[in-house]
Every structure is written in structure tokens, then in C-alpha cells.
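Here is what each chain is made of, one letter per residue.
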Amino acid sequence: MSYQVQKYDQAVMILKEAVGRNRHDTLVWFRSSEKIYQPILKNAHIDDATLLSHLRKGYSESYILLIAAFYHQSQYQDMLAASLNALKANIGEEALFAFYAGAASYFLKNYQNSVDYLNRSVEADPAQKIGYYYLGLSHKALGNQKLYQNTLPQWSSLTEKEKNITFPVEALKVRVY
């Protein structure tokens with residue numbers, strides 16, 4: 001809820017806590033709760049593999065919202081750190097988290113790092129046009145006009161809304177508390 005009403009400081013606190021514990025520790029914590037979580041999991045017929053899959057998705061969504069909250073607050077160093085932590089956590093969405101790392105590096109004016117992360121992003125998901133957009137901007141900032149021109153066909157059809165870094169957040173169907 002904090003993110004949805006643009007209370008980004010509050011959202012950051014909640015989301016940092018959400019991603020602060022890894023999936024396996026959370027699973028152990030669920031399994032140790034004999035009175036609350038074990039009965040729920042048993043009645044729902046949720047095994048450990050299914051629970052880990054749901055936790056992975058939850059961590060991914062939490063990282064996406066955390067990164068977007070940092071973006072809204074212009075906290076690009078924190079945005080970069082959260083993106084790298086998400087990549088390190090191996091929770092999926094490699095293309096998206098590499099994109100966020102590249103975009104954060106772009107905003108920090110570290111254009112070579114931006115190019116490196118954005119190349120990783122578009123290699124993982126060549127259909128991700130926004131990655132090419134920031135890749136092109138990074139090449140342009142480095143003075144690589146030819147490489148900038150090479151990215152144009154991939155992103156020139158993007159709408160202004162699609163160029164918005166938080167566009168992937170709008171696609172999430174999550175309820176934020």
C-alpha cells in the first residue's frame with residue numbers, strides 16, 4: 001500500500017525487510033511455526049517446492065518495487081545495489097534486474113557499467129526494447145554515435161510511457177502492504 005500511495009520512504013523500509021531474508025530461511029521459518037503456518041500449508045496442500053516457487057516470485061516482485069521506489073527518490077546508488085542484490089539472489093528476471101542495474105548506472109553517469117549491464121539485459125531478453133533505449137543513451141553519452149545508431153531500430157517505436165523506467169512495475173499484479 002505504501003508504494004501505491006507514493007510513500008516511498010515507508011515502502012523502502014517495508015521492502016528492505018521483505019528482501020532481507022532469503023527464501024530458504026523463510027521456508028525454515030514457515031516450517032517451524034507449528035501453530036500458524038504449518039496448518040495453513042497443510043490445509044492448502046502446499047509442498048516445499050511450490051512454496052519456494054511462490055517465495056521466489058514474491059522476492060522478485062519485492063525487489064522490483066524496492067528498485068522502483070529508489071528510482072522515485074532519485075537514490076540511484078541504492079537502486080544499483082538492490083539490482084545487483086537481486087541478480088546475486090538468483091530469483092529469476094535476470095533481464096529485468098540487469099536492466100535496472102544498467103539504468104541506475106546510467107543515472108549515476110557510469111556509462112561503461114551501464115553498457116555492460118544493459119548488454120547483459122538485452123542478451124537475456126532481446127525483446128526488451130527499454131533496455132536498448134538506455135543502451136543507446138549510454139553509447140551516446142560515451143560518444144559512440146555508431147553504436148547509438150545501431151540501437152535505434154530496437155527502441156524507436158517505444159511510446160513515452162514505455163520509456164518510463166517504472167513501466168514494468170505497472171504490469172505487476174501485487175498487493176503491497
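Residues numbered from 1 in each chain as written. Predicted model: local features only at pLDDT ≥ 70, side-chain atom pairs only at ≥ 80, totals over all residues. Heavy atoms only, no water.

J.: Break down the overall build of the protein for me, with residues and values.
T.: Helices and strands together make up the secondary structure of the protein, namely 11 helices and 0 strands. Shown N-terminal to C-terminal, the secondary structure of the protein runs as helices and strands in the order α-α-α-α-α-α-α-α-α-α-α. Buried residues in the protein amount to 42% of all 177 residues. Taking as baseline every contact in the protein between residues at least 6 positions apart, the subset at least 24 positions apart corresponds to 60%. Looking at the protein as shown, the accessible area adds up to about 10200 Å², and 51% of this sits on carbon and sulfur atoms. (Helix = DSSP H or I, 4+ residues; strand = E, 2+ residues; numbered from the N terminus. Buried < 20%, exposed > 50% of the residue type's maximum accessible area, 1.4 Å probe, protein only. Contact = heavy atoms within 4.5 Å. Areas by Shrake-Rupley, 256 points an atom, 1.4 Å probe, with all protein chains shown as cover.)

J.: Just give me the short version of the pattern of salt bridges, but keep the residues and values in it.
T.: This structure, assessed with the given rule, holds 1 salt bridge. A salt bridge links Glu94 to Arg120, with the nearest nitrogen and oxygen atoms 2.8 Å apart. Residue Glu94 is found in helix H6 (residues 94-107), and its partner Arg120 is found in helix H7 (residues 111-124); the two are separated by 26 residues along the sequence. You can call Glu94 partly exposed: its relative accessible area is 38%. According to the relative accessible area criterion, Arg120 is partly exposed, its value standing at 34%. (Salt bridge = Lys/Arg side-chain N within 4 Å of Asp/Glu carboxyl O.)

J.: Explain the nonpolar core residue by residue, including any values.
T.: With 40 residues, the main nonpolar core has Met79, Phe97, Phe99, Tyr100, Tyr134 and Ile165 as its most contacted residues. Contacts of Tyr134, omitting those with residues within four sequence positions, involve Phe99, Tyr106, Phe107, Leu118, Lys163 and Ile165. (Core = buried A, V, L, I, M, F, W, Y, C linked by side-chain atoms within 4.5 Å.)

J.: Can you explain H6? Please cite residues and give values.
T.: The end-to-end C-alpha distance of H6, which contains 14 residues, comes to 20 Å, matching closely the 20 Å that a straight helix rising 1.5 Å per residue would cover. Among all positions of H6, only Ala95, Leu96, Phe97, Ala98, Phe99, Tyr100, Ala101, Gly102, Ala103, Ala104, Ser105 and Tyr106 are buried. (Expected span 1.5 Å × (residues − 1).)

J.: Explain the packing of aromatic side chains residue by residue, including any values.
T.: For the coordinates displayed, the defined rule picks out 13 aromatic pairs. The interplanar angle of 70 degrees and the centroid separation of 5.7 Å between the aromatic rings of Tyr106 and Tyr134 together place this pair among those described as edge-to-face. In this pair, Tyr106 sits in helix H6 while Tyr134 sits in helix H8 (residues 129-141), placing the two residues 28 residues apart along the sequence. Aromatic side chains Tyr133 and Trp155 sit 4.9 Å apart centroid to centroid with 75 degrees between the ring planes, which places their arrangement in the edge-to-face category. Remark: Trp155 occurs in helix H9 (residues 145-155) and Tyr133 occurs in helix H8; sequence separation between them is 22 residues. Owing to a relative accessible area of 9%, Trp155 belongs among the buried residues under this scheme. (Phe/Tyr/Trp six-rings, centres within 6.5 Å; stacked < 30°, edge-to-face > 60°.)

J.: Break down the packing of H6 against H8 for me, citing the residues and quoting the values.
T.: Where H6 contacts H8, the axes come no closer than 10 Å and their chain directions differ by 30 degrees. Classed by the angle they form, the pair H6 and H8 counts as roughly parallel. Regarding H6 and H8, the two cross each other, and that crossing is left-handed. Here H6 contributes Phe99, Tyr106 and Phe107 to the contact with H8, which in turn contributes Ile130, Gly131, Tyr134, Leu137 and Ser138. Each residue belonging to the contact of H6 with H8 can be placed in one class, and the counts come to 6 nonpolar, 2 polar and no charged. (Axes fitted to C-alpha atoms, helices over the stretch in contact; angles between N-to-C directions. Parallel < 35°, antiparallel > 145°, perpendicular 65-115°, else oblique. Left-handed = near helix turned anticlockwise from the far one by under 90°. Nonpolar A, V, L, I, M, F, W, Y, C, P; charged D, E, K, R; others polar.)

J.: Explain the packing of H8 against H9 residue by residue, including any values.
T.: Packing of H8 against H9 brings their axes to within 8 Å, and their N-to-C directions diverge by 160 degrees. Considered as vectors, H8 and H9 are oriented roughly antiparallel to each other. Handedness of the H8/H9 crossing: left-handed. When H8 is examined against H9, the residues Lys129, Tyr132, Tyr133, Leu135, Gly136, Leu137, His139 and Lys140 are found in contact with a partner set consisting of Gln145, Leu147, Tyr148, Thr151, Gln154 and Trp155.

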